[in-house]
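Read off the chains here:
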Amino acid sequence: MTRDISLTLAIDGMTCASCVARVEAALTAVDGVVNAHANLASETARVVFHDPATPAALVAALADAGYPAVTQQHRLAIENMSCGSCVGRVERALLAHPGVVTATVNLPAEEATVSFLPEVTSLAAVIAASTEAGYPAASADQPGSAAAPAEDRKAAERTHLGRMTLIAALLTLPVFVMEMGAHVIPDLHHLIVRSIGTQASWLIQFVLTTIVLAWPGRQFFLKGWPALVKGAPDMNSLVALGTSAAWGFSVVATFAPGVLPQGTRVVYFEAAAVIVTLILLGRYLEARAKGRTGAAITKLLGLRAKTARVERDGAVVDVPVEDIVTGDILHIRPGEKIATDGAVIKGASYVDESMITGEPVPVEKADGAEVVGGTINGTGALVVRATKVGDDTMLSQIIRMVEEAQSARLPIQDLVNRITLWFVPAVMAVAGVTVVAWLVFGPDPALSFALVAGVAVLIIACPCAMGLATPTSIMVGTGRAAELGVLFRQGDALQSLHGVRTVALDKTGTLTQGRPELTDMQTANGFDAAEVLRLVASVEASSEHPIAQAIVRKAEADGLAPAAPENFDAITGYGVIATVDGRQVLVGADRLMTREGIDLGDLAPTAAAFGTQGKTPLFAAIDGRLAAVIAVADPIKPGTPQAIAALHDLGLKVAMITGDNRATAEAIARELGIDTVRAEVLPDGKVDVIARLKEGGVRVAFVGDGINDAPALASADVGIAIGTGTDVAIEAADVVLMSGDLRGVVNALHVSKATMRNIRQNLFWAFGYNALLIPVAAGVFYPLSGLLLSPALAAGAMALSSIFVLSNALRLRWIKPAGAAPRTPPAPPARAGHHRPAHAH
């Protein structure tokens, strides 16, 4: 009879009695749950259960019901992992620990991401579970905090592997020359026989090979044999078993030849020594390549400033960045790196934010502007008040997102892990069958042939390439994406984005700048454009309306100084009227002109044309005469047309979903060549539109930036948030674009497609390599061609397999961006807003 287990879970999202009922219903529906009682006041649920129910099943049921259990997530640095089967064993050990809900292991990063119930277990206990399984673990939680020590450790490991490889090569060379050289060059064989004799040659080979196995090669035995004894053999076990068999047979042939059948007295010392040397060389090259897969994190860490000039006790002093607190006043000199996120309170400069956003054009910063830690100040001096420090800064959040994306496991990896977990035992079984088959059916000397074939199978079948195929591509791909200003917040978005067929876009702040600008002005005969703009801006300067501010910004950009208006009057629904420099100025819709008896004349068709283009026409009259028609619109971002064209080139459909009026939306859609338009859609309606776009199994990505876009971002197959948008939108998204340029969407798609293509190439190579070469190593071609693979060649092929996978993954570092950012004059950034282009003074 199974024992009942009682567990209390902290739960998010319970707000009323109906929530309690839903939580209890979700839990009791899990097979094995005896009873469940939810407490709204304490936001907990007490569950009594037995097999087959598990904490992970309870957590999954709550998540499906929309009431997620509170879990803790931690990153662990894992040692001693050497192949894909190690990944499976670490995950199995972690998931077997009570309270652990999920565990994802990344072989190239040598890390695990673990989620567990804090009511059941602790971080220390989870670490102990991995260590007890033979894979020592340590916390690597702070974003980037483990990167430097881990890099130091990996650098030391590379150095050690390089030294051991050199030692093994120097000791192996004489063995290889005496044995293999004697076979290839008959004169060398006769020279050895005449000078020192065959027995002495074998004794020298025994000594040198034993040193190779006991010194550079001891790591294979220290890790391989214990794993074999535990019934969980790994790649080290294959090497240890194969080299031990070759060395043991040779020792018997050297010191007790009478034990062996007639005609089988040969030695394979050179095979054992060469196997160790080549695998060490492969691991050294692999370690060097792995170091380059994490280049993106290293580069991001390098952006952090070390010190800052801070006001303390009335003086400006240099302090370590770690000592900066929120509210500190920082003095940034020209050319200096900005130490932390903050707001400019004095000074003006242009700041290079390309390392954060990917956009090369420096951004103007003045009073009130936000700056980001890690960016480079230009030629001006700035005084900045620190607003976010430490782990709260944007750079730290970016590092955290990249680390989480790099440690993510795509759905395709689950199949790989299941295969590699059982692959090594299967290979050992194949090697055993190979030995028996040669002993029974092989020609004389059957024992020698059986040994060669069995060892070759053990060595060539290492699953390293399988284990590295997916995570290395993910690491390099997401790292390159970060360099292009694209952050994958959810690792599986990398695979999901690959299958997207329709990209739906919000309009305001996504396709457009997010605030109105004066785009056109046509003056009537007898009026000077600059003078008209100055007078109109003087009137509009008294208004806070976004369109009025657009006119004022245009006048300021043209160097026109507005005058103080007199007798200002706002006429609701019509416009405004005021006196400027003794002249009466009216600004408003056509109905204001009609009311005042002013003929629109030749400018009426121009105003109508502006309207069909999605622009808002305004009229200006001076001293009772029509002076100009002005068009105000939310302008399309410079990179938007190129981005839409690139999406079409990728074979994707593009849809626009907006709350704006239909005429404006359709005008923009015509200009950009957008396929589908859904206008005048309320925020809740965007979710329904996306549901309709997804009909027929079409995968849809939605791109937005505002609070009202959050539901749509969450409901799409892939949500892509513009990084200049709201925090709510970013939190709801799977992918974040650090800049407001829509070409980032194209970059994200390029990275996704290139990474998935790279993963398929790696998996094809890894599985194809084993499928082809295991039979070759077993000797299936020997009856036809006399071909039997040497164990030494098998070791070289195995090492090359891993190096090929890593080298192929590293090609992702050179994914080209969708296009250079436009070289427009820098302007202060603005938070994306949602303004309907209508004028209602």
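Parameters at a glance
- Residues numbered from 1 in each chain as written.
- Predicted model: local features only at pLDDT ≥ 70, side-chain atom pairs only at ≥ 80, totals over all residues.
- Heavy atoms only, no water.
- Buried < 20%, exposed > 50% of the residue type's maximum accessible area, 1.4 Å probe, protein only.
- Helix = DSSP H or I, 4+ residues; strand = E, 2+ residues; numbered from the N terminus.
- Arc of directions from axis to C-beta.
- Pairing = 2+ DSSP bridges.
- Axes fitted to C-alpha atoms, helices over the stretch in contact; angles between N-to-C directions.
- Contact = heavy atoms within 4.5 Å.
- Patch = residues over 30% accessible without salt bridge, like charges linked within 9 Å, V, L, I, M, F, W, Y side chains within 5 Å.
- Areas by Shrake-Rupley, 256 points an atom, 1.4 Å probe, with all protein chains shown as cover.
- Salt bridge = Lys/Arg side-chain N within 4 Å of Asp/Glu carboxyl O.
- Parallel < 35°, antiparallel > 145°, perpendicular 65-115°, else oblique.
- Left-handed = near helix turned anticlockwise from the far one by under 90°.
- Nonpolar A, V, L, I, M, F, W, Y, C, P; charged D, E, K, R; others polar.
- Phe/Tyr/Trp six-rings, centres within 6.5 Å; stacked < 30°, edge-to-face > 60°.
- Lys NZ or Arg CZ within 6 Å of the ring centre and 35° of its normal.
- UniProt positions renumbered as here; feature names shortened; annotations may be inferred.
- Core = buried A, V, L, I, M, F, W, Y, C linked by side-chain atoms within 4.5 Å.

## Some points on helix α4 (residues 123-132)
Working note: α-helix, 3.6 residues per turn, so residues spaced by three or four point in the same direction.
Then, number 1: Listed in full, the buried residues belonging to α4 are Leu123, Val126, Ile127, Ala129 and Ser130. Buried residues of α4 fall within an arc of 155 degrees about the axis and therefore sit on the same side. α4 presents Ala124 and Glu132 as exposed residues on the side facing more than 90 degrees away from its buried surface.
Then, number 2: Positive backbone phi, approximately 100 degrees, marks Gly134, located one or two places after α4.

## Points about the sheet that holds strand β27 (residues 700-704)
Then, number 1: In spatial order, the strands read β17-β29-β28-β27-β18-β25-β26; together these 7 strands make up an open sheet with mixed pairing. In the strand order of this sheet, the two ends are held by β17 (486-488) and β26 (676-678), each with one partner. Taking each pair of neighbouring strands and ignoring which way they run, the sheet shows an average axis angle of 20 degrees.
Then, number 2: Across the sheet, helix α28 (residues 743-778) is in contact with β17, β18 (502-506), β27, β28 (718-722) and β29 (735-737); its angle to β17 comes to roughly 50 degrees.

## Here we look at helix α24 (residues 662-672)
Then, number 1: Among the residues of α24, those classed as buried are Thr664, Ala665, Ala667, Ile668, Ala669 and Leu672.
Then, number 2: In this structure, the buried side of α24 is in contact with α18 (507-511), α22 (603-612), α23 (640-649), β25 (653-657) and β26.
Then, number 3: Count one or two residues on from α24 and you reach Gly673, which has phi positive near 75 degrees.

## As for a nonpolar patch on the surface
Then, number 1: On the surface, Val436, Leu439, Val440 and Phe441 cluster together to form a nonpolar patch covering roughly 440 Å² of accessible area.
Then, number 2: Owing to a relative accessible area of 73%, Phe441 belongs among the exposed residues under this scheme.

## Describing the packing of helix α15 (residues 446-460) against α28
Then, number 1: At a minimum axis distance of 8 Å, the contact between α15 and α28 shows a crossing angle of 165 degrees. One way to sum up the angle between α15 and α28 is to call them roughly antiparallel. Remark: the crossing between α15 and α28 carries right-handed chirality. Taking contact as the criterion, the partners of Ala453, Ala456, Val457 and Ile460 in α15 are, on α28, Tyr769, Asn770, Leu773, Ile774, Ala777 and Ala778.
Then, number 2: Taken together, the residues of the contact of α15 with α28 break down into 9 nonpolar, 1 polar and no charged.

## With respect to the side chain of Thr640
Then, number 1: Within the secondary structure, Thr640 is located in helix α23.
Then, number 2: With a relative accessible area of 0%, Thr640 lands in the buried category.
Then, number 3: Setting aside residues no more than four positions away along its own chain, Thr640 makes contact with Thr510, Leu511, Leu672 and Leu742.

## Overview of the packing of aromatic side chains
Then, number 1: Counted by the stated rule, this structure contains 7 aromatic pairs.
Then, number 2: Residues Phe449 and Tyr782 carry aromatic rings whose centres are separated by 5.3 Å and whose planes lie at 55 degrees to one another, so their mutual orientation is tilted. In this pair, Phe449 is assigned in helix α15 and Tyr782 in helix α29 (residues 782-785), connecting sequence segments 333 residues apart.
Then, number 3: By relative accessible area, Tyr782 is classed as partly exposed at 23%.
Then, number 4: Linked through ring pairs, Phe206, Trp247, Phe255 and Phe269 together constitute an aromatic cluster.
Then, number 5: The ring of Tyr574 carries Arg595 above its face, with NZ or CZ at 5.3 Å from the centroid.

## Observations concerning the sheet that holds strand β15 (residues 376-377)
Then, number 1: The antiparallel open sheet is built from 3 strands, whose spatial order is β13-β12-β15. Where the open sheet ends on each side, the last strands, each with one partner, are β13 (363-365) and β15.
Then, number 2: In this sheet, β15 lies alongside strand β12 (residues 349-352) in antiparallel orientation, the contact comprising 2 bridges. Looking at the pairing, Val351 lines up with Asn377 of β15.

## Details of the UniProt feature "transmembrane region" (unreviewed entry) in the protein
Then, number 1: Taking the UniProt record as the reference, the feature "transmembrane region" (unreviewed entry) is found at residues 164-185, 191-217, 238-260, 266-285, 419-441, 447-470, 763-782 and 788-806.
Then, number 2: Taken as a whole, residues 191-217 contains 81% helix and 0% strand, while its terminal C-alpha atoms sit 31 Å from one another.

## Comments concerning the pattern of salt bridges
Then, number 1: A complete count under the given rule lists 14 salt bridges for this structure.
Then, number 2: Of the charged contacts in the structure, one is a salt bridge between Glu111 and Arg75, with a shortest N-O distance of 3.0 Å. Taken together, the residues span a long stretch of sequence, with Glu111 in strand β6 (residues 111-116) and Arg75 in strand β4 (residues 72-78) at a distance of 36 residues. The pair Glu111 / Arg75 is uniform in exposure class, with both members buried.
Then, number 3: Across the salt bridge formed by Arg595 and Glu596, the nearest N and O atoms sit 3.4 Å from each other.
Then, number 4: Judged by relative accessible area, Arg595 falls into the partly exposed class, the value being 47%.

## Quick look at the nonpolar core
Then, number 1: Among the nonpolar cores identified, the biggest contains 134 residues, and Leu76, Phe488, Leu497, Ile720 and Val745 are the most heavily contacted of them.
Then, number 2: Sorting elements by how many residues they give to this core places α28 first, with 15 residues.
Then, number 3: Formed by 41 residues, the second largest nonpolar core is a distinct cluster that contains Val532, Val576, Ala578 and Leu626.

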